[in-house]
2 protein chains.
Amino acid sequence: MVESKYTPTTQAIISSLTKHDPAVSEALKNVLFNDNPSKVAKWHALFADPLFYPKQNMSLDEMRAIAYKRLKKVADAKLFSIYDFINDPKNLLTAHEMLSLCDGALATKFTVQFNLFGGTLIALHTDRHKEFMSKVDSLAHMGCFCFTELGYGNNAVEMETTAIYDEAKKEFVINSPTTLSQKYWITNGACHANYAIVFAQTLVKGKNEGVNSFIVPIRDEQMKPCTGVTIEDMGWKMGLNGIDNGKLKFSHVRVPRTAMLNKFNDVTESGEFKSDIKKNSQRFFKVADRLLSGRLCISAMCISGTKMNLLIAIRYSQQRLSVGASGLSDTPIMAYQLQQNALLPLLARTIVLNLGYNSAKDLFANPKGRENEVVRVCCAVKGLVSWNYEKVSTVCRERCGGGGYTAHARIHEGIQGSHSGMTAEGDNRVLMQKIVKDILSDLQKELHRQPQMTRCPERQLPKQESVGDLESLMNLVYYREVAEIKSITEVLQKKIMEESKKFYDVWMHEISDDIQSLALAFSERYALENALSIAAKVTDLKAKEVLAKAIRLHCLLLVRENLGWYLANGVISPKAGLALEGEYQQAVKDIVPHVNDIIEGFNIPKIPQLAPPIIRDYIKFNEQSDPDNVEAAGGFFDFTKGPKL
Amino acid sequence: MVESKYTPTTQAIISSLTKHDPAVSEALKNVLFNDNPSKVAKWHALFADPLFYPKQNMSLDEMRAIAYKRLKKVADAKLFSIYDFINDPKNLLTAHEMLSLCDGALATKFTVQFNLFGGTLIALHTDRHKEFMSKVDSLAHMGCFCFTELGYGNNAVEMETTAIYDEAKKEFVINSPTTLSQKYWITNGACHANYAIVFAQTLVKGKNEGVNSFIVPIRDEQMKPCTGVTIEDMGWKMGLNGIDNGKLKFSHVRVPRTAMLNKFNDVTESGEFKSDIKKNSQRFFKVADRLLSGRLCISAMCISGTKMNLLIAIRYSQQRLSVGASGLSDTPIMAYQLQQNALLPLLARTIVLNLGYNSAKDLFANPKGRENEVVRVCCAVKGLVSWNYEKVSTVCRERCGGGGYTAHARIHEGIQGSHSGMTAEGDNRVLMQKIVKDILSDLQKELHRQPQMTRCPERQLPKQESVGDLESLMNLVYYREVAEIKSITEVLQKKIMEESKKFYDVWMHEISDDIQSLALAFSERYALENALSIAAKVTDLKAKEVLAKAIRLHCLLLVRENLGWYLANGVISPKAGLALEGEYQQAVKDIVPHVNDIIEGFNIPKIPQLAPPIIRDYIKFNEQSDPDNVEAAGGFFDFTKGPKL
């Protein structure tokens, strides 16, 4: 028998890192992916096309050309149609999950074409737009979504672009009067779109009837900008440079009356504005509705990218060697507690957020009876998932050192993608404010569904010497929402009723952190509640156990992060607070033997088009010098065998 | 009188954001910059050269060419010489601070040429190398530092490259036998270096005498790789692509005996290895010494970039308008508590870390009597400053929304730069381990200087209803180090002495978070202690007050972040814990009227070469489409007048 160079402890950890139960992974695949499983193989097969091989050191033009080519290839595969909004709404989000594994720029161009452009058409069209819509799936009508203006990123209802109705000619005249009113960050705008849906203040007979949307041709058949349309390229960005973001200005551009998307509001042939919706602000929310599904599309992209980065960091850490007890570089860094404590709580949290997102996907497909929850759930999920994506990507990059700094490692794509997700389709922080406004409004109507606690932490838990059991932890997470709601309503009552302060002042200048805390408490509760409910239904007992361990670790993480709050408010005892640290450390170790079950449960295809060289044979890859030659990295690291020594 | 559209509260905040006392800024400039103030103007003048205008959408070749041209321009300005290591050591760090304002790739190429390459020569040369060294300042000898190998990122002492002494020919034969032994991430290697300092296991008469360094020509006069030297380009990275990182392999490359840098170790003419240092491991630390100053160089780059990003985010927020009480977009977002709570604690923390870094700069220039502290201080400062740079850049990007996502906004440079800083010259987390080993070793020798507490928090503070005064807060921050030292020594005692566990097992598998906590506690104490001591000497009373407010906010931030620990351990009372939140919120507000004093105190030149359009007239900039045309953004935003409406 060969004597191990490892200590028995290290040896045991290294062995546990090679464990894999494929049945558990199979069960997890079906839990983590919330749609028809048969779809996955089709997407994976599509990505096997050589077009999806990663390429670096490209000019803007080249990056955009390849993103478009990939989008066209995706469109041609017909794995998604805008009519799925009606027949198979979950397929929209599934498409985003899949595309994000491959290329964030491609996924973003897709989301604009199919959700913002195509989805708006589906939502706001009438019969007269059907022929136009039939050309969207194929990209014959390639679209952009002219909503945001330079000066109105967070206050779009005040946008300046106008659509003035010319009764004589039965045309709308679209005009952006100022620099601040130029349509800004318009994806597909700089290069590829020939049509835009333009949002504009609609003036009929001199009266502002609120924001409506209009189909406006922006490029002719030679792809030259149409008369009156100025298109400027926004140039280089911090990432996702395959996206052709443009600035668009409209100078008295005329479109026929019928260009207006008129499902809810219309101008009749005789020039009358008609709407069943009385208030302009209500009309705005109706026509800007795509931003809501847009938030879920971003969540889909982010959760998928998060799993990809965890896969990369963990697989790399399983084969990357550094100093062992022998002093030699013989120990996979994943065996270090340092690496485990950095990565595995994020892995656990990502599972919970994945399940929370899955519930939102269900809600999106079928909101019946829970319509009042849709807005806050979309905001909550986008917030948590995109912030988590940023954190995971940052930590994964750091824990992979130089190996994670190369472009071919792909980890940085998550940093760039998450930053886009965090502030696109509504700045996360502003969405958190929206959640609280929504909750407060529902509270007044007695509509806010509070979490079902099985115990009241404030009265019962302080007596416990440990709060590390799942039930206590769950109650603690839920309790935060309950307590924050109580606290914020009392504060508002006091400041506004008793001290006669203005709502705006209190909201914007005094309780900002309270608002963020409540919104986060709600969001975390939502994700946890749904993760628990999904996990409860899992029939594979081993997979159920893995999920339970992950959920518990996630809860420990949440309570640990807010420990000051729980202790200062006397919700748990100092003794239980002290005990928490050891329970947390052990909970991380408890995940180690399940790492492969979980990572394989992510079901990320093992093709060189998607998988970076650092999770394959990165030594072989480094025998040559072309970072685009990912084939050189050969096959995939066999985690059941452990690292090559 | 025109009625304000703002509420009186908002109006007061907007007014306070226009306050500026130039005398305070002047005083702060002298506190925050720890070198001869006359140097600054020379660097600022240099950057006014058109060569330093930002450029985007470049190929790798173009990015590298411009970084080299800039480096040459900097070298020609003769603001730094490698002989400053002897005569004016602080000038090395000053140069890094200045260069980082301009271009991270330039600064990195500079640090390799002047600190790693030039500094090693200064540290390890003898008379025979003087002529060679005279060509470094001008870049006639352009160098790279072949230290890290692909397989030995964190265990360099085990590097595989060998320098075998051939007695007959009086030559060393340099050889990298495997793929893992290729020199990796070698800055200046892919394009511009004609010489390398190569570190290698030195074999003389068949005996490994440990790692030494050798001057090796790697390119001939036509810049073709020399015989036996294989150079491969590492390609695209997550950022800093102007750096030409290469992989270098040496195949039996011969250099004369005199190529060895022989200050400490030598091979005599008669072929004997000589050294006053007995152990190979000690020899390693002696020859790898430049990594230590390298950590301060990285700190210099990071602290400077941090200030730049805070400047960008805050100035943009002062002029960027969003929704006000009127519903219109008329309120600068810096007036929102949301923006203040996100940015101002980071501003306060950056001041403290800046002062901590300044103390390390002094220690570097004159370590006399404190030699034992140098290693841990360099590690501590690099860790805190580079992590803070990452956090600040991430938050600034997020708080600037789309405005911060454009490349011309420059904020993303901080994300890319900080990631490089976090794991280069030693992974921060590994450096934290080094700090603790260092402290434990000094404790045994009774050499570790513990912080001077004025009160013992554990006994006295729990009685206080508030710990928000600076003295209590300082004691709390210091106490964490004292308590963590006590805790870790007890744990090690118990596990190793009583439970007979192996040190490696305990260190790597059981107490990872404890190690990190102690290292951070030490690092935070070091920064705070020095910030307090520097602030105490400031004579301008108003500047002193601003510093006091910033330091207090920073302390509140630290205690708030670790509130769970303080409460669970009974160091402060739940009542004081609850009170902390209000004190923290107020401390942020207290910084608002000093924002301009602080930002101007950063002394960042107002030239379009460095200042992104979003802090000038970004509306004017958006009237045109060329992101390279920064001139279009015109003059600088006048913060004393507030935003244009």
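Rules used in this analysis
Residues numbered from 1 in each chain as written. Chains lettered and ligands numbered in written order. Predicted model: local features only at pLDDT ≥ 70, side-chain atom pairs only at ≥ 80, totals over all residues. Heavy atoms only, no water. UniProt positions renumbered as here; feature names shortened; annotations may be inferred. Buried < 20%, exposed > 50% of the residue type's maximum accessible area, 1.4 Å probe, protein only. Helix = DSSP H or I, 4+ residues; strand = E, 2+ residues; numbered from the N terminus. Pairing = 2+ DSSP bridges. Axes fitted to C-alpha atoms, helices over the stretch in contact; angles between N-to-C directions. Parallel < 35°, antiparallel > 145°, perpendicular 65-115°, else oblique. Left-handed = near helix turned anticlockwise from the far one by under 90°. Contact = heavy atoms within 4.5 Å. Nonpolar A, V, L, I, M, F, W, Y, C, P; charged D, E, K, R; others polar. Phe/Tyr/Trp six-rings, centres within 6.5 Å; stacked < 30°, edge-to-face > 60°. Lys NZ or Arg CZ within 6 Å of the ring centre and 35° of its normal. Expected span 1.5 Å × (residues − 1). Polar contact = N/O pair within 3.5 Å; in protein donor to acceptor, adjacent residues only side chain to side chain. Salt bridge = Lys/Arg side-chain N within 4 Å of Asp/Glu carboxyl O. Buried area = accessible area lost by both parts, 1.4 Å probe.

Looking at an unreviewed UniProt entry, chain A carries the name Acyl-coenzyme A oxidase, with the source organism given as Halteria grandinella. Taken directly from UniProt, the Cofactor (unreviewed entry) text for chain A runs: "FAD". Regarding chain A, the relevant UniProt record gives this comment under Sequence similarities (unreviewed entry): "Belongs to the acyl-CoA oxidase family."

## Examining the pairing of strand 2 (residues 162–166) of chain B
Residues and elements named next belong to chain B. Of all five residues making up strand 2, four are buried, and the element is well covered by its neighbours. Two elements, strand 2 and strand 3 (residues 171–175), share five bridges in a ladder whose sense is antiparallel. Looking at the pairing, I164 lines up with V173 of strand 3. Between strand 2 and strand 3, which pair antiparallel one after the other, the connecting turn spans four residues, and K170 there sits at a positive phi close to 50 degrees. Summarising the sheet, strand 2 and strand 5 (residues 195–204) pair through three bridges and their orientation is parallel. When the sheet's bridge partners are listed, A163 is paired in strand 5 with T202.

## Structural notes on the packing of helix 11 (residues 337–365) of chain B against helix 12 (residues 371–399) of chain B
Residue and element names in this part refer to chain B. Where helix 11 meets helix 12, the axes come as close as 10 Å, and the angle between the chain directions of the two elements is 155 degrees. Relative to helix 12, helix 11 is oriented roughly antiparallel. Note on packing geometry: the crossing formed by helix 11 with helix 12 is left-handed. Contact residues: helix 11 offers L338, Q339, A342, L343, L346, R349, T350, L353, G356, Y357, A360 and L363, while helix 12 offers E373, V374, V377, V381, L384, V385, N388, K391, V392, V395, C396 and R399. When the residues that make up the contact of helix 11 with helix 12 are grouped by side-chain class, the tally is 16 nonpolar, four polar and four charged.

## Some words on the packing of aromatic side chains
Residues and elements named next belong to chain A. Applying the stated criterion to the full structure yields 42 aromatic pairs over all chains. With a centroid separation of 5.6 Å and an interplanar angle of 70 degrees, the aromatic rings of F284 and F285 are classed as edge-to-face. Joined through ring pairs, the aromatic side chains of F145, F147, F199, F284 and F285 make up one cluster. Its guanidinium or amino end placed over the ring of F639, R315 lies 3.8 Å from that ring's centre, counting from NZ or CZ.

## Describing helix 20 (residues 541–561) of chain A
End to end, helix 20 of chain A covers 30 Å across 21 residues, agreeing with the expected 30 Å (1.5 Å per residue, within 8%). Where helix 20 of chain A starts, the residue carrying a side-chain oxygen 3.0 Å from the main-chain nitrogen of K542 of chain A turns out to be D540 of chain A.

## Considering the packing of helix 16 (residues 470–498) of chain B against helix 19 (residues 541–561) of chain B
Residue and element names in this part refer to chain B. The N-to-C vectors of helix 16 and helix 19 enclose an angle of 45 degrees; their axes lie 9 Å apart at closest approach. Relative to helix 19, the element helix 16 lies oblique. Note that helix 16 runs across helix 19; the crossing there is left-handed. Where helix 16 approaches helix 19, its residues L470, L473, L476 and V477 are matched on the opposing element by I551, R552, C555, L556, L558 and V559. Its residues assigned to classes, the contact of helix 16 with helix 19 shows nine nonpolar, no polar and one charged.

## Some thoughts on the side chain of K109 of chain B
Residues and elements named next belong to chain B. Summarising the element assignment, K109 is placed in helix 7 (residues 104–124). Separated by 2.7 Å, the side chains of K109 and H192 make a polar contact. Not counting residues within four places of it along the chain, the set of residues in contact with K109 comprises A67, Y68, L71, M142, T187, N188, H192, G242 and D244.

## What about the UniProt feature "binding site: FAD" (unreviewed entry) in chain A?
All names here are of chain A. Annotation from UniProt places "binding site: FAD" (unreviewed entry) at T148. Relative to the assigned elements, T148 resides in the loop between strand 1 (143–146) and strand 2 (162–166). Assessed through its relative accessible area of 27%, T148 is described here as partly exposed. Residue contacts for T148: discarding those within four places in its chain leaves G153, Q182, K183, Y184 and I186.

## A closer look at helix 6 (residues 90–102) of chain A
Helical geometry note: an α-helix holds 3.6 residues per turn, so side chains three or four residues apart project in the same direction. Along its 13 residues, helix 6 of chain A runs 19 Å from first to last C-alpha, staying within 8% of the 18 Å computed at 1.5 Å per residue. Here helix 6 of chain A lies mainly inside the structure; 13 of its 13 residues are buried.

## Considerations on the pattern of salt bridges
Any two side chains of opposite charge can pair, on the condition that their charged atoms come close. Counted under the stated rule, the structure contains 104 salt bridges over all chains. Between E272 of chain B and K205 of chain B there is a salt bridge; the shortest N-O distance is 3.5 Å. Here E272 of chain B, found in the loop between strand 10 (265–267) and strand 11 (273–275), pairs with K205 of chain B, found in the loop between strand 5 and strand 6 (207–217); they are 67 residues apart in sequence, far enough to count as distant. For E272 of chain B, a relative accessible area of 38% translates into the label partly exposed. Via salt bridges that share partners, R370, E373, R449, E481, R525 and E529 of chain A belong to a single interconnected network.

## Quick word on the interface of chain A and chain B
Between chain A and chain B, the contact holds 101 residues from the first and 101 residues from the second. Across the chain A/chain B interface, buried area totals approximately 7,800 Å², and carbon plus sulfur atoms make up 54% of it. It is W236, Y405 and H509 of chain A in chain A that bury the most area against chain B; as a group they hold 11% of the surface buried on that side. Linking chain A with chain B are four salt bridges. The closest approach of N and O atoms between R399 of chain B and D427 of chain A, which form a salt bridge, is 2.9 Å. Taken together, chain A and chain B are joined by 60 residue pairs in polar contact (both at pLDDT 80 or more). Looking at the side of chain A that touches chain B, its residues break down into 37 nonpolar, 43 polar and 21 charged.

## A look at the UniProt feature "domain: Acyl-CoA oxidase C-terminal" (unreviewed entry) in chain A
Cross-referencing UniProt, the feature "domain: Acyl-CoA oxidase C-terminal" (unreviewed entry) maps to residues 470–605 of chain A in the present numbering. Within the segment residues 470–605 of chain A, helix and strand shares are 83% and 0% respectively, and the terminal C-alpha atoms sit 33 Å apart.

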